[in-house]
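# Structural description and commentary
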Amino acid sequence: VAMQEVAVFADGANALTGLAQALGNYTGYITTNNDGRGIATGFLVKDGTTATNGRLLGNTINGPWASSSVCDLYPGKLFDRAPYALDLKKGDLSFTALSNHFASQSHQTQCRIDEAAYVRDAAAALQQDGKNVLVAGDLNDFEFSTPLATLTGNGVLANLWNDVPAGQAYSYKFNGHLQTLDHMLVTAGMKSRLSDVRYIHLDNDVYERVPTD
């Protein structure tokens, strides 16, 4: 399970560890990230799956922008929440998964375009090394956007949004509008094994909030 917006403190204490313990058959993988508020990306991995080599990608790289008018993350790192990568193996399937949380919609689109370009190139390099790759998370942009087109631009990653059953391809409802900001993309070695993909609309179609809660 690719996780985003998990609180991680400087000493490594984090909400994911407690959740994994509560579930009982999962292990959390996460580390501190660039976000000054302690927001990070990571994974919950179910028992029976081998997980190794957890690491951040691109967390030390500075953004390529010339000024804050291009991307207001300038001057600073390319990612305020860098991708967390984990090598996974279950049965005869092995792959590298990247949990992502791109710059929010309050930042310019160029911020997410450049983040997407980095992840695209990282996936291509992993594939060239013979690895299957899964890219998942809160990409903070739409399936028709330039950042998503950037991710798939070299033909290495396929966006599974296109394989979701008709009428079900949305991940959130905002001000009455159905939209998709959360995506999962895979390389060909995983796409060939795909049998089904769905969005689970817990925040939209299932969970009824109590007005006073």
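My aim in this report is to walk through the structure given alongside it, one point at a time. Source: prediction; values computed, not measured. (Residues numbered from 1 in each chain as written. Predicted model: local features only at pLDDT ≥ 70, side-chain atom pairs only at ≥ 80, totals over all residues. Heavy atoms only, no water.)

### Comments concerning the overall build of the protein chain
Worth spelling out the cut-off: Helix and strand assignments come from DSSP, with helices taken as H or I runs of at least 4 residues and strands as E runs of at least 2, each series counted from the N terminus. Radius of gyration: over C-alpha atoms. The globule rule applied is 2.2 Å multiplied by the number of residues raised to the 0.38 power. Buried residues are those whose accessible area, probed at 1.4 Å on protein chains only, stays under 20% of the maximum for their type, while exposed residues exceed 50% and partly exposed ones sit between those limits. Note on contacts: a residue pair qualifies if any of its non-hydrogen atoms lie within 4.5 Å across the two residues. A residue counts as positive if it is Lys or Arg and as negative if it is Asp or Glu; His and the chain ends are not included. Charge placement uses NZ in Lys and CZ in Arg. For Asp and Glu, CG and CD serve respectively.
Each helix and strand in the protein chain was counted, giving 5 helices and 11 strands. Over its C-alpha atoms the protein chain spans a radius of gyration of 17 Å, differing by no more than 12% from the 17 Å that the globule rule assigns to 213 residues. Reported as C-alpha extents along the three principal axes, the dimensions of the protein chain are approximately 50 × 45 × 45 Å. Within the protein chain, the fraction of its 213 residues that count as buried is 43%. A separation of at least 24 residues holds for 67% of the contacts in the protein chain among residues at least 6 apart in sequence. In the protein chain, the 15 positive side-chain charges and the 22 negative ones have mean positions that sit 6 Å from each other.

### With respect to the pattern of salt bridges
Just so we agree on the cut-off: A pairing counts as a salt bridge when a side-chain nitrogen of Lys or Arg comes within 4 Å of a carboxyl oxygen of Asp or Glu.
In the structure shown here, the tally under the stated rule is 9 salt bridges. Between Asp35 and Arg37 there is a salt bridge, with the nearest N and O atoms lying 2.8 Å from each other. Of the residues examined, Asp35 reaches a relative accessible area of 9% and is grouped as buried. Arg37 gets classed as exposed once you look at its relative accessible area, which sits at 61%. The residue Asp141 makes a salt bridge to Arg112 at a minimum N-O spacing of 2.8 Å.

### Looking at the side chain of Thr187
By the secondary structure assignment, Thr187 is in the loop between strand 11 (182–186) and helix 4 (188–191). We classify Thr187 as buried; its relative accessible area is 1%. Apart from residues lying up to four places away in sequence, Thr187 is in contact with Gln127, Lys131, Asn132, Val133, Val156 and Leu157.

### Structural notes on the sheet that holds strand 3 (residues 39–46)
Here is the rule: The rule for pairing is simple: two strands pair if DSSP sees at least two bridges between them. Note on method: axes are straight lines fitted to C-alpha atoms, helices fitted across the in-contact stretch only, with angles between N-to-C directions ranging 0 to 180 degrees.
A sheet is described by the order of its strands in space; here 3 strands give the open sequence 1-3-2, paired in antiparallel fashion. The sheet terminates laterally at strand 1 (2–7) and strand 2 (26–30), the two strands that pair on one side only. Going from strand to strand, the sheet's axes swing by 35 degrees on average, the running direction of each strand aside. Sheet topology note: the strand 2/strand 3 ladder contains 5 bridges and is antiparallel. Within the sheet, the bridge partner assigned to Thr27 lies in strand 3 and is Val45.

### Some words on helix 2 (residues 109–128)
Residues separated by three or four positions in an α-helix point in the same direction, a consequence of the helix having 3.6 residues per turn. For clarity, the threshold we go by: For a helix, the expected span equals 1.5 Å multiplied by the number of residues minus one.
If you check helix 2, its first and last C-alpha atoms are 29 Å apart, about what 20 residues at 1.5 Å a residue would give, namely 28 Å. Restricting attention to buried positions, one finds in helix 2 the residues Cys111, Arg112, Ile113, Asp114, Glu115, Ala116, Ala117, Val119, Ala122, Ala123 and Leu126. Where helix 2 is buried, its residues contact strand 4 (50–56), strand 6 (93–101), strand 7 (133–138) and helix 3 (146–152). One or two positions beyond helix 2, positive phi appears at Gly130, with a value near 90 degrees.

### A word on the pairing of strand 11
When strand 7 meets strand 11, the two strands line up antiparallel, connected through 5 bridges. Paired with Asp138 across the strands is Asp182, a residue of strand 11. As defined by bridge partners, strand 8 (residues 158–159) adjoins strand 11 across 2 bridges and the pair is classed as antiparallel. Paired with Asn159 across the two strands is Leu185, which belongs to strand 11.

### Comments concerning the packing of aromatic side chains
Which entries qualify depends on this criterion: Note on aromatic contacts: the rings of Phe and Tyr and the six-membered ring of Trp form a pair at centre separations within 6.5 Å, being stacked when their planes are under 30 degrees apart, edge-to-face when over 60 apart, and tilted otherwise.
Applying the stated rule across the entire model yields 4 aromatic pairs. Seen in terms of ring centroids, Phe43 and Tyr84 are 6.2 Å apart; in terms of plane orientation they differ by 55 degrees. Their pairing is tilted. In this pair, Phe43 sits in strand 3 while Tyr84 sits in strand 5 (residues 84–90), placing the two residues 41 residues apart along the sequence. The residues Phe43 and Tyr84 share a single accessibility class, namely buried.

### Description of helix 1 (residues 15–23)
The following threshold applies: Any pair of nitrogen or oxygen atoms within 3.5 Å is treated as a polar contact; in protein, a donor-acceptor pairing is required on top of that, and neighbouring residues in sequence qualify only through side-chain atoms on both sides.
Looking at where helix 1 begins, the residue whose side-chain oxygen comes 2.9 Å from the main-chain nitrogen of Leu16 is Asn14. Backbone geometry just after helix 1 places Gly24 at a positive phi near 90 degrees.

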